[in-house]
Amino acid sequence: MTYTSILLRLLDERGYIHQLTDAEGLDSLANAQVIPGYIGFDATAPSLHVGSLVQIMLLRRLQQAGHKPIVLMGGGTTKVGDPSGKDESRKLLTAEAIDANIASIRKVFERFLTFGDGPSDAVMVNNDDWLSALGYVDLLREVGPHFTINRMLTFDSVKLRLEREQPLTFLEFNYMILQAYDFRELALQHGCRLQMGGSDQWGNIVNGIELTRRMNGIEVFGVTTPLLTTADGAKMGKTAAGAVWLNEDALPAWDFWQYWRNADDRDVGKFLRLFTDLPLDEIARLEALEGSEINAAKVVLANEVTRLCRGDEAAKAAEATASATFAGGGVGADLPVLALPAEGIGIIDALVGIGFAASRGEAKRLVAGGGARVDGEPVGDEAFHIPGGQETRISSGKKRHGVLRPA
RNA sequence: GGACAGGUGGCCGAGUGGUUAAAGGCAGCAGACUGUAAAUCUGCCCGCGCAAGCGUACGCUAGUUCGAAUCUAGCCCUGUCCA
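If you're wondering where the values come from, they're calculated on a predicted model, not measured in any experiment. (Residues numbered from 1 in each chain as written. Chains lettered and ligands numbered in written order. Predicted model: local features only at pLDDT ≥ 70, side-chain atom pairs only at ≥ 80, totals over all residues. Heavy atoms only, no water.)

## Some words on the protein's contact with RNA strand B
Around RNA strand B, a shell composed of 33 residues is seen, among which Asn262, Asp265, Arg360, Arg365 and Lys398 lie nearest. Among the atoms of RNA strand B lying within 4 Å of the protein, the sugar-phosphate backbone contributes 72%. One of the side-chain nitrogen or oxygen atoms of Arg360 is found 2.8 Å away from a phosphate oxygen of RNA strand B. Counting residues per element, the surface near RNA strand B draws most heavily on helix 18 (residues 360–368), which supplies five residues. Residues belonging to the surface near RNA strand B are distributed by class as follows: eight nonpolar, twelve polar and 13 charged. (Near = heavy atom within 4 Å. Polar contact = N/O pair within 3.5 Å; in protein donor to acceptor, adjacent residues only side chain to side chain. Helix = DSSP H or I, 4+ residues; strand = E, 2+ residues; numbered from the N terminus. Nonpolar A, V, L, I, M, F, W, Y, C, P; charged D, E, K, R; others polar.)

Structure follows, in structure tokens:
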């Protein structure tokens, strides 16, 4: 359908919409009022990673369209221990750890959203505030009658596990009820009318909509985003170094920038639309670049995403490092640095010390395989000694570079 | 509580007494080709050691054996069915 509201047009043309519960209803509501809308986030780690970036940008778009983003932190659900990660039971986090995680995660949201008291200013809430106060019997009486086991069993999240004969605990089974309860609570407390989330959240969102209507007669809406994978089918956000964290202290800006710079050709347009504020005609131009020219578009992508998430300076520094390192064959300021002792250092120790190899064995294999370079020259001898006294460039493969600098 | 089937390296999954640091696949790393892309081909892929080798490792704990991922007992966990 053709949307008339600024919000849905914006979301549609930039590729955020996978499913809508009631497109027309939401469209006309968006024309009529400022919609408070929320997305829930985990508080299991001190930083979110790239996998959550679509949702964060979605809240940003909501605000750009004049509506009110609500960031729901799952402090209460995290307390129980998020069971969604298959069979391994996670360590339960202490309340203090969860609060610290939330504070840390908030720093990233402050870059993407404007917080405050105004009508379209963002707010952050914690479901611990209401979930922890719930009594079990009260919850059962209040919410229990609105869910049938029959229907709960039909949800994909449940059905798949049963079909595969994988464990599904009662805790997990109840998770959807708590999430549904969140939506109703936000509708009452904040006038929230919209929940957004990944496509895997569809069931939970629908439950929340049902529950809110049944208990309070309020009509609320849901939007899901497509499941984001890279063009070769992998989940987003994994690299050699591990997850691509959004927080600066969890992943240096240089590595963050590199992640985007190395995007698959086929993903460039999609990423530009989802993760940057560039106008669509500009994106269309960049996306149309062919052959090696697309690399220019990747640099723009890396710059823009890094700027949003880490700030302008970080983005500029990363780009400068990239051109010095790759185009100039020199060393950029953002590269990792290892102190070079006056007497020099062995190649193996250097590789391990700077973090290019996790163990000495791995470093040796790297050297044996021809992947280790010193000042651009391949080193094939694991006994190779790097002399001290002068700044030296060390590399693992063609992409990971570092600097040995005299102490 | 009972019967049966299971628990193997980041993941999946072979392996029923020595030749098993454990097939194969996926993921990952590196090389070649390129454009810091993809695809393809090649090599690597527990730790320490230059090496011989040593240390860890097949749910946990005790045993049998010259020798165990493989056999025995107990325990823990998961699934299916029964109560």
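## Looking at the nonpolar core
Core analysis: the largest hydrophobic core is formed by 70 residues, its most contacted members being Phe109, Trp260 and Phe275. One finds Phe147, Met152, Ile177 and Leu178 within the second-largest nonpolar core, a separate group that totals 27 residues. (Core = buried A, V, L, I, M, F, W, Y, C linked by side-chain atoms within 4.5 Å. Buried < 20%, exposed > 50% of the residue type's maximum accessible area, 1.4 Å probe, protein only.)

## Brief notes about empty space enclosed by the protein
On inspection of all chains with the given rule, the structure shows one cavity of 30 Å³ or more. Lining the largest cavity, in full, are His146, Phe147, Arg151, Asn207, Glu210, Leu211 and Arg214. Considering every element that reaches the lining of the largest cavity, the biggest residue donor is helix 11 (residues 202–216), with four residues. (1 Å grid on protein atoms, 1.4 Å probe; cavity = no way out; pocket = protein on both sides within 12 Å on 5 of 7 lines; lining within 4 Å. Points joined across faces, edges and corners; volume = space filled by probe spheres on them.)

## Things to note about the confidence of the model for chain A
Summary statistics for chain A give a mean pLDDT of 89 and a share of 93% for residues scoring 70 or more. Mean pLDDT in chain A bottoms out at strand 7 (residues 238–239), which sits at 58, and peaks at strand 3 (residues 68–73), which reaches 97. Low confidence marks residues 83–90, where pLDDT is under 50. Its contacts with residues over four positions away, or in another chain, come to ten contacts. The ipTM for the predicted assembly is 0.86, set against a pTM of 0.90. (pLDDT = per-residue confidence, 0-100. Contact = heavy atoms within 4.5 Å.)

## Thoughts on the sheet that holds strand 12 (residues 377–378)
Read across the open sheet, the five strands follow the order 9-15-14-11-12; overall the sheet is mixed. Edge positions in the open sheet fall to strand 9 (337–340) and strand 12, since each of these has one partner strand only. Sheet analysis places strand 11 (residues 372–374) next to strand 12, joined by two bridges and oriented antiparallel. The residue bridging Val374 from the neighbouring strand is Glu377, located in strand 12. (Pairing = 2+ DSSP bridges.)

## Structural notes on the pairing of strand 6 (residues 221–225)
The buried count for strand 6 comes to five of five residues, which makes it a mostly enclosed element. Here strand 6 shows two buried faces, one formed by Phe221, Val223 and Thr225 and the other by Gly222 and Thr224. Across two bridges, strand 1 (residues 19–20) lies against strand 6 in antiparallel orientation. When the bridges of strand 6 are listed, Gln19 appears paired with Thr224. Read from strand 5 (residues 194–198) through helix 11 to strand 6, the crossover connection turns out right-handed. (Right-handed = clockwise from strand over helix to strand, strands pointing away.)

## A look at the pairing of strand 2 (residues 36–41)
A large share of strand 2 lies buried, amounting to five of its six residues. One ladder, built from six bridges, connects strand 2 with strand 3; its direction is parallel. Note on strand 3: the bridge partner recorded for Gly40 is Leu72. You can see the chain leave strand 2, run along helix 3 (residues 53–64) and come back into strand 3, and the turn it takes is right-handed.

## Some remarks on the environment of Ile394
Along the chain, Ile394 falls in strand 14 (residues 392–396). Taking relative accessible area as the criterion, Ile394 reaches 0% and is therefore assigned buried. For Ile394, the contacting residues outside a window of four places in its chain are Ile347, Ala350, Leu351, Ile354, Phe356, Arg373, Ile386, Arg400, His401, Gly402, Val403 and Leu404.

## A short note on helix 10 (residues 170–190)
For the α-helix, the turn length of 3.6 residues means that residues three or four positions removed from each other point alike. A rise of 1.5 Å per residue sets the reference length of helix 10, with its 21 residues, at 30 Å; its end C-alpha atoms lie 30 Å apart and thus fit the reference within 8%. Counting buried residues in helix 10 gives 16 out of 21 residues, a clear majority hidden from the surface. (Expected span 1.5 Å × (residues − 1).)

## Some remarks on the sheet that holds strand 6
Spatial ordering of the open sheet is given by 1-6-5-2-3-4, a layout of six strands whose pairing is mixed. What marks the edges here is a single partner per strand, and that holds for strand 1 and strand 4 (123–126). Taken strand by strand, helix 5 (residues 95–112) contacts strand 2, strand 3 and strand 4, and its axis lies near 160° from that of strand 4. Helix-sheet contacts for helix 10 involve strand 2, strand 3, strand 4, strand 5 and strand 6, and the interaxial angle to strand 2 is about 145°. (Axes fitted to C-alpha atoms, helices over the stretch in contact; angles between N-to-C directions.)

## So, the pattern of salt bridges
Applying the stated criterion to the full structure yields 17 salt bridges. When the shortest N-O distance is used, the salt bridge between Arg214 and Glu210 registers 3.6 Å. Placement of both Arg214 and Glu210 in helix 11 is noted, with a separation of four residues, approximately one turn of the helix. Salt bridges here are not isolated pairs; linked through shared partners, they connect Arg60, Arg61 and Asp277. (Salt bridge = Lys/Arg side-chain N within 4 Å of Asp/Glu carboxyl O.)

## Here's the deal with helix 1 (residues 6–13)
When helix 1 is considered as a whole, its buried residues turn out to be Leu7, Leu8, Leu10 and Leu11. Around the axis of helix 1, the buried residues are gathered within 160° of arc, so they sit on the same side. Within two residues after helix 1, Gly15 carries a phi angle of roughly 85°, on the positive side. (Arc of directions from axis to C-beta.)

## Looking at the packing of helix 7 (residues 136–143) against helix 10
Packing of helix 7 against helix 10 brings their axes to within 12 Å, and their N-to-C directions diverge by 70°. What the angle tells us is that helix 7 and helix 10 run roughly perpendicular. Judged by the sense of rotation from one axis to the other, the crossing of helix 7 with helix 10 is left-handed. On helix 10, the residues that touch Tyr136, Leu139, Glu142 and Val143 of helix 7 are Phe170, Ile177, Leu178, Tyr181 and Arg184. In terms of residue class, the contact of helix 7 with helix 10 is built from seven nonpolar, no polar and two charged. (Parallel < 35°, antiparallel > 145°, perpendicular 65-115°, else oblique. Left-handed = near helix turned anticlockwise from the far one by under 90°.)

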